Amino acid sequence: MADKNKSTGSTPTSWPEPISSNKRKNNPVKNKLKLDKANGKLMGVCSGLANWSGMDANLLRIIFVLATIFGFGSAIIIYLAIGLIVD
């Protein structure tokens, strides 16, 4: 019975290649967050976040408006902080 297990072999013939850092460079999502003032409405924060994350800019704008209404204005402070800190 032990001879049967040895004959089939338990070692795989090929292993998958590890993910290298070179393959990550082809990612369409940009690594650095930048403001998109050309396509932005106020400061370009939502448009820049949309470019960085791959989401729709209008969806992010709606999320910021809802967060401002239901978060008692805390999203405005976050929006201004991102607009002033990010390049």
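Values in this document were obtained by computation on a predicted structure and should not be read as measured data. (Residues numbered from 1 in each chain as written. Predicted model: local features only at pLDDT ≥ 70, side-chain atom pairs only at ≥ 80, totals over all residues. Heavy atoms only, no water.)

Peer 1: What am I meant to see in the overall build of the protein here?
Peer 2: In terms of helices and strands, the protein carries 5 helices and 0 strands. In sequence order, the secondary structure elements of the protein are arranged as α-α-α-α-α. Residue pairs at least 24 apart in sequence account for 31% of intrachain contacts in the protein once pairs closer than 6 positions are excluded. Total accessible area computed for the protein in this model is approximately 7,400 Å², and 62% of it derives from carbon and sulfur atoms. (Helix = DSSP H or I, 4+ residues; strand = E, 2+ residues; numbered from the N terminus. Contact = heavy atoms within 4.5 Å. Areas by Shrake-Rupley, 256 points an atom, 1.4 Å probe, with all protein chains shown as cover.)

Peer 1: Before we go on, may I ask you to explain helix H5 (residues 74-85) in this structure?
Peer 2: Because each turn of an α-helix spans 3.6 residues, side chains separated by three or four positions in sequence point in the same direction. End to end, H5 covers 17 Å across 12 residues, agreeing with the expected 16 Å (1.5 Å per residue, within 8%). Regarding H5, the residues found buried are Ala75, Tyr79 and Gly83. In an axial view of H5, the angular spread of the buried residues amounts to 75 degrees, which keeps them on one side of the axis. Facing away from the buried side of H5 by over 90 degrees, the exposed positions are Ile77, Leu84 and Ile85. (Expected span 1.5 Å × (residues − 1). Buried < 20%, exposed > 50% of the residue type's maximum accessible area, 1.4 Å probe, protein only. Arc of directions from axis to C-beta.)

Peer 1: Looking at this structure, how should I read the packing of aromatic side chains?
Peer 2: The relation between two aromatic rings is expressed through the spacing of the ring centres and the mutual angle of the planes. One pass over the full model with this rule turns up 1 aromatic pair. A ring pair is formed by phenylalanine 64 and tyrosine 79, whose centres lie 5.5 Å apart and whose planes are at 85 degrees; its orientation type is edge-to-face. Pair noted here: phenylalanine 64 is in helix H4 (residues 57-70) and tyrosine 79 is in helix H5, with a separation of 15 residues, a long-range link. We note that phenylalanine 64, like tyrosine 79, is buried. (Phe/Tyr/Trp six-rings, centres within 6.5 Å; stacked < 30°, edge-to-face > 60°.)

Peer 1: For this particular structure, what's the right way to read the environment of methionine 43?
Peer 2: Among the secondary structure elements, methionine 43 is positioned in the loop between helix H2 (21-24) and helix H3 (45-53). With relative accessibility at 24%, the residue methionine 43 sits in the partly exposed group. Distance from methionine 43 to tyrosine 79, taken between C-alpha atoms, is 9.0 Å for residues 36 residues apart in sequence. Discounting residues that sit within four places of it in the chain, methionine 43 has contacts with Leu35, Lys37, Tyr79, Leu80, Gly83 and Leu84.

Peer 1: Sorry, what's going on with the layout of surface pockets here?
Peer 2: Gaps between atoms show up when a probe of the same size as a water molecule is rolled over them. Taken as a whole, the largest pocket holds about 190 Å³ of empty space. As for the largest pocket, its lining consists of 14 residues, and the residues nearest its centre are Leu42, Cys46, Phe64, Val65 and Tyr79. For the lining of the largest pocket, the elements supplying multiple residues, two or more each, are H3, H4 and H5. The element best represented in the lining of the largest pocket is H4, accounting for 4 residues. For the lining of the largest pocket, the residue count by class is 8 nonpolar, 4 polar and 2 charged. (1 Å grid on protein atoms, 1.4 Å probe; cavity = no way out; pocket = protein on both sides within 12 Å on 5 of 7 lines; lining within 4 Å. Points joined across faces, edges and corners; volume = space filled by probe spheres on them. Nonpolar A, V, L, I, M, F, W, Y, C, P; charged D, E, K, R; others polar.)

Peer 1: Got a minute to help me understand H4 in this structure?
Peer 2: Its 14 residues place the ends of H4 20 Å apart at the C-alpha level, agreeing with the 20 Å of an ideal helix rising 1.5 Å per residue. Here H4 has its buried residues at Ala57, Leu60, Arg61 and Phe64. For H4, the arc enclosing every buried residue in end-on projection is 105 degrees, short of the 170-degree limit, so these residues lie on one face. Exposed side chains of H4 directed beyond 90 degrees from the buried face belong to Ile69 and Phe70. At its buried positions, H4 is contacted by H3 and H5.

In short, geometric facts, not functional conclusions.
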